[in-house]
Amino acid sequence: MKIKITFCVLWIIGHSLYGQETWSLKKCIQHAVEHNLSLKQSELSVKSAAINLKEIKFGRLPNLNVGINPGVSFGRNIDPTTNSFITENIFSGNYSLSTNVPIYQGGLINNTIKFNRKQVEASKEDYQQSVNDISLKVANDFLTVLLSQERLEISKQNFESVKQQLDQTTKLIKAGSKPEGDLLDLKSQLAKAEQTVVGAENGLDLSWLQLKQTLRLDPSYNLVLEKLTDDQLRDIEQESYTFEHLFSHAEKEQHGIKAAYLKWEAAKFNEKIAKGQYKPSILANGYLGSRYSDAAKQITGYTLTNQVYPGTKIDGKSVIFEQLYPVVSGTEVIPFGKQFDQFLGYGIGLSIQIPIYNNFKVNAAVQRSKIQTEQSDIFYQVQKETLGQQIAQSLANVKAAVKEFEAAGRTVEFATLSRNNTQRKFEIGSSSTLELNLAQNALQSASLNLIIAKYDLLFKRKVLDFYAGKELKL
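Colleague: I would appreciate a short explanation of the overall build of the protein in the present structure.
Modeller: Scanning the protein from terminus to terminus reveals 11 helices and 10 strands. Over its C-alpha trace the protein gives a radius of gyration of 45 Å, far above what one expects of a compact globule, namely 23 Å for 474 residues. The C-alpha extent of the protein, read off along each of the three principal axes, is 175 × 70 × 35 Å. The proportion of buried residues among the 474 residues of the protein is 35%. Intrachain contacts of the protein at a sequence separation of at least 6 include 82% that bridge at least 24 residues. For the protein, the accessible area works out to roughly 29,300 Å², and carbon and sulfur atoms hold 55% of it. Across the protein, the 55 positively charged side chains and the 49 negatively charged ones have centroids separated by 4 Å.

Set out below in structure tokens:
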């Protein structure tokens, strides 16, 4: 029985460990890119723009349309095959094959193709910019989880330290070396340390939730993140960037800037499209058609009857004159194929339209397109200016973060020495519980500030790497 229980426990532990999967920052970014719904919408926008481009390219080719117009006429009608009036119900129909070929349209098709090509390229750049934005979001959430984990670890270590002090003080009180008042102070400190642990656990839970939501994972998904190594932490301060280097590279390679420039170019082609409406357009057209009617009949047989012509005289004598006269004895509707041949018609021609006056519509379209071009140019300039401001701010943030990190490191070093010194004094009875608590709190605060400064610096360095065109990874 014991063997079975042991086996079940080992199986559960093994299954739990097997279910855990360690994710690197790179893997998290890849997963987010593959499953983010906003990116899927951007991807659909790219496909839609490509379809628009394909459609306008085919506008250079002739179109081809089949027309069928069947119907029934009642009462007195005109026979469409003879154009004579008849009084009967007629089933008839016209059918045709027509085509139009654009010959000249003031550069409309060529400029529209160029416009849509720029739109496709801009959509692709917008998509890549969205990928970069998601990547930064994932990096921030990823590092926030690691920060929360370290914060929780420090809180637990502080809790254990206070607990050990409480145990030690309890022994000293029993031995008569410490007053019982010190015990109350430590119990209060232990309660505060426990509260800090609970707060850190809650913070970690929220950090996990935020990351899993960004990755579109179930909140219960068993996820383990790849932690930072000491080498990675040392590397965050090694490389330095200049504003000129970052801006020069980002201006050429940042997808948001490239998209804004492409939209400006597209707006210039849209202006040419609007101006093209001032010019005449020429279309070639062709037509092939025929018709059918059940009123179109053909004779199927004749009968001969005698026709008497009275009053006829020969040499002054009255005679009876008779003549065999053919009479239609049967008819049938002319077959469809035969009617097709009989009524077949075709032709070719040109359609020329010369704009003279269009109620200010063309002028308004041209003016709007010029305004759109100016707006696109301003937006492009604003994007570049914003990029420069962001890079300058990011450089300043990193410089400040480096100083914060170095100062936090020194603070931890001195706080550790102070706590250790106070601990030794406390153990020999020359330091009070209050002094030990103050030293312990100072060390915990300094340690928390250090890890916050560490991850703050790391993320801000990753932002600079992003502007430098590097892949976001740890």
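Colleague: Would you mind going over the packing of aromatic side chains with me for this structure?
Modeller: Two aromatic rings, taken as a pair, are described by how far apart their centres are and by the angle between their planes. Scanning all chains against the criterion turns up nine aromatic pairs. Ring centres of Trp-23 and Tyr-221 lie 6.1 Å apart, and the angle between their planes is 75°; this geometry places the pair in the edge-to-face category. Of this pair, Trp-23 sits in strand β1 (residues 21-23) while Tyr-221 sits in the loop between α5 (180-215) and β6 (223-225), placing them 198 residues apart in sequence. Judged by its relative accessible area of 3%, Trp-23 is buried. The rings of Phe-91, Tyr-95, Tyr-292, Phe-336 and Phe-340 are connected pair by pair, giving a single aromatic cluster. Over the ring of Trp-23 we find Lys-27, and its NZ or CZ is 4.8 Å from the ring centre.

Colleague: Where do I start with the packing of helix α8 (residues 255-275) against helix α10 (residues 361-427) in this structure?
Modeller: One can describe the packing of α8 onto α10 by two numbers: an axis separation of 8 Å at closest approach and a directional angle of 165°. Taken as axis vectors, α8 and α10 run roughly antiparallel relative to one another. Along this stretch, α8 crosses α10, giving a crossing that reads as left-handed. Looking at the contact of α8 with α10 residue by residue, the class counts come to 12 nonpolar, seven polar and seven charged.

Colleague: Would you mind going over the pattern of salt bridges with me for this structure?
Modeller: Pairs may arise between side chains of opposite charge once their charged atoms sit close together. Tallying each qualifying case throughout the model produces nine salt bridges. Where Asp-126 meets Lys-263, a salt bridge forms, and the shortest distance between an N and an O atom there is 3.0 Å. Linking Asp-126 in helix α4 (residues 108-174) with Lys-263 in helix α8, this pair joins segments that are 137 residues apart in sequence. The exposure class of Asp-126 is partly exposed, given its relative accessible area of 28%. Relative accessible area serves as the criterion here: at 33%, Lys-263 is assigned to the partly exposed category.

Colleague: Which parts of the structure should I look at to understand a positive patch on the surface?
Modeller: Side chains of Lys-57, Arg-60, Lys-114, Arg-117, Lys-268 and Lys-272 sit close together on the surface and give a patch of like positive charge. Counting only elements with at least two residues in the positive patch, the list comes to α4 and α8.

Colleague: What am I meant to see in the nonpolar core here?
Modeller: Most often, soluble globular proteins keep nonpolar side chains buried together rather than apart. Within the largest apolar cluster, 64 residues are counted, with the highest numbers of intra-cluster contacts made by Val-138, Leu-215, Leu-223, Leu-225 and Leu-246. Sort the elements by how many residues they give to this core and α4 lands first, with 17 residues. Once residues within four sequence positions are removed from consideration, Val-138 is found in contact with Leu-25, Cys-28, Ile-29, Ala-32, Leu-211, Thr-214 and Leu-215. Residues Ala-49, Leu-53, Ile-109 and Ile-113 belong to the second largest nonpolar core, which totals five residues.

Colleague: Which parts of the structure should I look at to understand a nonpolar patch on the surface?
Modeller: Together, Leu-64, Val-66, Ile-68, Leu-97, Leu-288, Leu-344 and Tyr-346 make up a nonpolar patch on the protein surface, roughly 740 Å² of accessible area in all. Following the sequence through the fold, Val-66 ends up in strand β2 (residues 65-73). Exposure remark for Val-66: the relative accessible area of 64% places this residue in the exposed category.

Colleague: For this particular structure, what's the right way to read the side chain of Ser-447?
Modeller: With respect to the helices, strands and loops of the structure, Ser-447 is situated in helix α11 (residues 433-467). Among the residues examined, Ser-447 registers a relative accessible area of 16% and is labelled buried. Not counting chain neighbours up to four residues away, the residues in contact with Ser-447 comprise Ile-154 and Val-412.

Colleague: Is there a simple way to think about the packing of helix α7 (residues 243-253) against α10 in this case?
Modeller: The relative placement of two packed helices comes down to the angle between their axes together with the axis-to-axis distance. Here α7 crosses α10 at 140°, and the two axes come no closer than 10 Å. The angle between the axes of α7 and α10 places the two elements in the oblique class. Every pair of crossing elements has a handedness; the one defined by α7 and α10 is right-handed. Across the interface between the two elements, Phe-243, Leu-246, Phe-247, Ala-250 and Glu-251 from α7 touch Lys-384, Leu-387, Gly-388, Ile-391, Ala-392 and Leu-395 from α10.

Conventions and cut-offs
Residues numbered from 1 in each chain as written. Predicted model: local features only at pLDDT ≥ 70, side-chain atom pairs only at ≥ 80, totals over all residues. Heavy atoms only, no water. Helix = DSSP H or I, 4+ residues; strand = E, 2+ residues; numbered from the N terminus. Rg over C-alpha atoms; globule rule 2.2 N^0.38 Å. Buried < 20%, exposed > 50% of the residue type's maximum accessible area, 1.4 Å probe, protein only. Contact = heavy atoms within 4.5 Å. Areas by Shrake-Rupley, 256 points an atom, 1.4 Å probe, with all protein chains shown as cover. Lys, Arg positive; Asp, Glu negative; His and termini not counted. Charge placed at Lys NZ, Arg CZ, Asp CG, Glu CD. Phe/Tyr/Trp six-rings, centres within 6.5 Å; stacked < 30°, edge-to-face > 60°. Lys NZ or Arg CZ within 6 Å of the ring centre and 35° of its normal. Axes fitted to C-alpha atoms, helices over the stretch in contact; angles between N-to-C directions. Parallel < 35°, antiparallel > 145°, perpendicular 65-115°, else oblique. Left-handed = near helix turned anticlockwise from the far one by under 90°. Nonpolar A, V, L, I, M, F, W, Y, C, P; charged D, E, K, R; others polar. Salt bridge = Lys/Arg side-chain N within 4 Å of Asp/Glu carboxyl O. Patch = residues over 30% accessible without salt bridge, like charges linked within 9 Å, V, L, I, M, F, W, Y side chains within 5 Å. Core = buried A, V, L, I, M, F, W, Y, C linked by side-chain atoms within 4.5 Å.

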